[in-house]
Amino acid sequence: MNMIEAPVEIARTAAAHSERVPTSGGEFLSFRLGAEEYGIDILKVQEIRSYEPPTRIANAPAFIKGVINLRGVIVPIVDLRVKLGCEVADYNGFTVVIVLNVKGRVIGTVVDSVSDVLQLGPEVIKPAPEMSCSVDSACITGIGSVADRMLILMDIEALLAGPDMGLFDPM
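What you see is a predicted model, and the numbers here were worked out from it, not measured in a lab. (Residues numbered from 1 in each chain as written. Predicted model: local features only at pLDDT ≥ 70, side-chain atom pairs only at ≥ 80, totals over all residues. Heavy atoms only, no water.)

**Student:** Is there a simple way to think about the side chain of Asp112 in this case?
**Tutor:** Of note, Asp112 is situated in the loop between β7 (105–111) and β8 (113–120). Residue contacts for Asp112: discarding those within four places in its chain leaves Arg32, Leu33, Gly34, Arg81, Ala89, Phe94, Thr95 and Val96. (Helix = DSSP H or I, 4+ residues; strand = E, 2+ residues; numbered from the N terminus. Contact = heavy atoms within 4.5 Å.)

So this is what it looks like as structure tokens:
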């Protein structure tokens, strides 16, 4: 990298990080995985469905539970508990599938339960802490404080479109 390219690369990195932080706030769908509560941009959500066992796909990673037919569209189902390393819970009456539109593709994610839709202003959203552990901090955009609750705000598109997921063709 030469002296001209270095500032451009630094600016790109800073711009990419600033795009992740939801400083302007917005509406978030909150859901639970175990004891933790997460939030995703409501604009990515297509619908919420009750859980139905998907058709298993041979040799798929453990976090891809299979596929379902959603009104003629074959939708892969990702179990976020498994993907994020949460302890595995039984599927019950509260277990739901959040159907998302990610980069023009429909993907379903299994979560323990959906709580509500929250309007979060920029004053209640704090930047995600820098961590050097197994948590992919690139997928955490911030932490929202709502009364006595902490909401982990996720960039669901970054998580599901990552190369380790295998749901999108590498560019």
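**Student:** What's the story with the sheet that holds strand β3 (residues 45–50) in this structure? I'm lost.
**Tutor:** Within a sheet, neighbouring strands are paired by backbone hydrogen bonds and run either parallel or antiparallel to one another. Reading across from one edge, β3-β6-β7-β5-β4 is the order of the 5 strands in this open sheet, with mixed pairing throughout. Two strands lie at the open edges of the sheet, namely β3 and β4 (64–70), each paired on one side alone. Within this sheet the neighbouring strands show an average axis-to-axis angle of 30°, counted without direction. Strand direction decides the pairing type here: strand β6 (residues 96–102) and β7, joined by 7 bridges, are antiparallel. Counted as the bridge partner of Val102 is Arg105 from β7. (Pairing = 2+ DSSP bridges. Axes fitted to C-alpha atoms, helices over the stretch in contact; angles between N-to-C directions.)

**Student:** Which parts of the structure should I look at to understand the packing of aromatic side chains?
**Tutor:** Here the distance between the centres and the angle between the planes together describe a pair of aromatic rings. Taken as a whole, this structure holds 2 aromatic pairs when the rule is applied. The interplanar angle of 10° and the centroid separation of 4.4 Å between the aromatic rings of Tyr51 and Tyr91 together place this pair among those described as stacked. Placement of Tyr51 in the loop between β3 and β4 and of Tyr91 in the loop between α2 (80–83) and β6 is noted, with a sequence separation of 40 residues between them. Above the face of the Phe63 ring, Lys83 is positioned so that its terminal group lies 5.1 Å from the ring centre. (Phe/Tyr/Trp six-rings, centres within 6.5 Å; stacked < 30°, edge-to-face > 60°. Lys NZ or Arg CZ within 6 Å of the ring centre and 35° of its normal.)

**Student:** Would you take a moment to explain the sheet that holds strand β9 (residues 125–126) for this structure?
**Tutor:** If you trace the 6 strands from one edge of the open sheet to the other, you get β8-β1-β2-β11-β10-β9, paired in mixed fashion. Every other strand in the sheet has two partners, leaving β8 and β9 as the edge strands with one partner each. Where strand β1 (residues 26–33) and strand β2 (residues 36–41) come together, 6 bridges link them in antiparallel fashion. Bridging from a neighbouring strand, Leu33 pairs with Glu36 of β2.

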